[in-house]
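# Remarks on the overall topology
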Amino acid sequence: MDREWSLLLLLGVASLLACGHAHNLPGVPSSFSTEERLTAASSVSVAEEISQEFLKYLRTGVESPRLKELGDELRTSHSQKDIFTQSLVDLSAADQYFTCTICRATVNVIGRTFTGPNGELTGPNRDQNAKKIMLSFCDYFNIQTQEVCSGLFDLNWPILDYIFNETIAESRSICSMLPIKICQVQQPEFSLNVTIVGETPNESNYELAEHSDNDYLVLHLTDIHYDPEYKSGGLAECKEPMCCRDDLPADANTTGAGHWSDYRDCDTPKHLIVNAFEQIKKEHALDWIYHTGDVPPHNVWSTTRQGNMDMLTEIDQLLAEHFPKVPIYPCLGNHEPHPANVFGNAEIPDALRVDWLYQHVWSLWSKWLPKEAEATVRRGGYYTLALREGQRIVALNSMDCYLYNWWLFYDGSIVLEQLQWFHDTLLAAEKAGERVQVLTHIPSGDGDCWTEWSREYNRIVARFSRVITGIYNGHTHKDEMNVHYTETGLAMAVSWNGGSLTTFSYKNPNYRIYRLHAKTLQVLDHHTYTINLTEANLKPNEPPTWKKEYEFGETFTKNTSAAGIDQLLEDMAKKPDLLRLFWRYKMTEADPKLAAGCDERCLNSTICRIATSRWNEKQRCRQLQATLKQSLENEKQPQDDGAAALTAYSLASVLALLTALRYLL
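Thresholds applied
Residues numbered from 1 in each chain as written. Predicted model: local features only at pLDDT ≥ 70, side-chain atom pairs only at ≥ 80, totals over all residues. Heavy atoms only, no water. Helix = DSSP H or I, 4+ residues; strand = E, 2+ residues; numbered from the N terminus. Buried < 20%, exposed > 50% of the residue type's maximum accessible area, 1.4 Å probe, protein only. Pairing = 2+ DSSP bridges. Axes fitted to C-alpha atoms, helices over the stretch in contact; angles between N-to-C directions. Contact = heavy atoms within 4.5 Å. Polar contact = N/O pair within 3.5 Å; in protein donor to acceptor, adjacent residues only side chain to side chain. UniProt positions renumbered as here; feature names shortened; annotations may be inferred.

## So, the environment of Gln567
In this structure, Gln567 sits in helix H18 (residues 562-574). Using a relative accessible area of 42% as the deciding quantity, one classes Gln567 as partly exposed.

Take a look at the structure:
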């Protein structure tokens, strides 16, 4: 932990302890530990101080000693890139504290300039004033470069302006939707409830079909993240969240971007996409393709509507060119709209809706989808179709769960329409004796997926777990899976994640081939294919060598039922080397990841993620971690997989001291 972070925490918590507020913070869940309550209290206190002092600074131009102190500590306490390139749940404790606190302070500042006596954001210059405030905030706390902050403001302010004007939420309730535990508060105004018909099965799902000669081979492509501006030899280490677009400076002390992409924060050049498609066409006889979204790159501060449409069209044409006779079933990712991540519904103002995107993707998808899918695609980017007799596909728009979809902060109930449609579609499929495949970009257990949505989604999945025979995700850029459990711990379904074609960040490009049962469509096995980026970039003038990285059934288990994968997790917890192997493939054997290794904390996180289908529900996770802990203690020999032991300065030691301090104040 940075010294500045320790000092900041000490200042905030000590003041709360002295006032006796830390254990009476309104809305903080009673399940919080003392450490978590203290840290949450500190975040609230510091955010309030920042709000007050920064507003004074904006209005007077005079920086108070307290604001300078807070600024000096906060701007050096966080990693500027990670908070934009990593999932919030994977951030360090310091980055999570910074993100939560700055979120609260920002919402407070905006809210008070709307309602304050000076009314900076209520007059004719509201947009200019808002941008000035936000860029000042960005610069003062060193959040990102001015270019990135300015671009993000320009793209998102019209939506945020509307939400701030219309919502009744305040900073603690808005920021509590972030997957950061110290930010959580109880907020019943966001409670969702889908009407579910029928009974949920009362035992784990053991259904497992046998292989046959008629099984289907299905390609899973996801997270292509095509960057038409990628520059081989360009600047791969930049301040912005995404790189490899600018020339490498003559005095740079780093290597340029690789020809076939780069492990650093870079997306996918067209020649790698074409090469991958050619490889797949040559090596695999496909029955159909699942494409689970995210075509545009990660330059979320500088996208354009036309640019996104052009990239979607270009990739669509490449797919049609390489696989002219293979049906393709797509779903939307969070990078398809402009601005990125933001989807709404028919209830929001016309000027802020993304109907243009739905119309465009229908113009592309209509060659593969039946006419009856048009209505829901054009309404919300989701659809269903009959694949063959007794078989059905459901493609969801999972932006209804994405925490960077600002409309969730305006009215969380907008997500109920699609969830209820999902339930009703599965109910009809059950009555018709159909088996269903589900495509949805964001895994429900991902930290960036709203837990209210994922709770209801998992209730639906559990109820129809004998109807659903496969769930397919992307988004995380990792070769992984998630088991869906009931609240009583029964294993009901498995979500399979296809990894990503992009290398963003620190991974090898990959694709996956599933073997599906000819009748039930259950996943019987899957094979993952990759290239080693280091080796490929050493020979820029030669096509890279794609290899079969592993076969799931041969390497881990042939029992791909939900209960079978749950048993695999038990085996991983008892045999840490098996879990280490899973982590190795999860990271696509990327050289930087293998060099860093996976220590005990990493192993705990890895097994927990597989066992999580709702971010804040960790029952099975904790059981497996307890077993893993004992197994690691029983290991007689040090692990020899190259794992590097990482040392982390824990909050526990600081907060233990502060707890003792409470009795001295």
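## Structural notes on the sheet that holds strand S7 (residues 468-473)
Taken in spatial order, the six strands of this open sheet run S4-S5-S6-S7-S9-S8, and their pairing is mixed. In this open sheet, the two edge strands, each paired with only one partner strand, are strand S4 (383-388) and strand S8 (479-485). Here the average twist between neighbouring strands, direction ignored, is 20°. Here S4 pairs with strand S5 (residues 391-395) via five bridges, running antiparallel. Residue pairing in the sheet places Ala386 in a bridge with Arg392 of S5. Of the strands in this sheet, S8 and strand S9 (491-498) are in contact with H18, which crosses S9 at around 75°.

## Some words on the side chain of Ser495
Topologically, Ser495 is positioned in strand S9. A distance of 3.5 Å separates the side chain of Ser495 from the side chain of Asn473, its partner in a polar contact. In this structure the side chain of Ser495 is engaged in a polar contact, spanning 2.7 Å, whose partner is the side chain of His484. Beyond its immediate stretch of four places on either side in the chain, Ser495 contacts Ile471, Asn473, Glu480, Met481, Asn482 and His484.

## Quick notes on the UniProt feature "binding site: Zn(2+) 1" (unreviewed entry) in the protein
With numbering aligned to this structure, UniProt lists the feature "binding site: Zn(2+) 1" (unreviewed entry) at Asp223, His225, Asp294 and His477. A maximum C-alpha distance of 10.5 Å places the annotated residues, which cover 255 residues in sequence, within one compact spot. Of note, Asp223 is situated in the loop between strand S1 (216-221) and helix H9 (270-283). Setting aside chain neighbours within four positions, we find Asp223 in contact with Gly293, Asp294, His441, Gly474, His475, His477, Gly499, Ser500, Leu501 and Thr502. Relative to the helices and strands, Asp294 is located in the loop between strand S2 (288-291) and helix H10 (305-322). Looking at Asp294, the relative accessible area reads 1%, which means it is buried. Ignoring anything within four residues of it in the chain, the contact list for Asp294 reads Asp223, Ile224, His225, Gly333, Asn334, His335, Glu336, His441 and His475.

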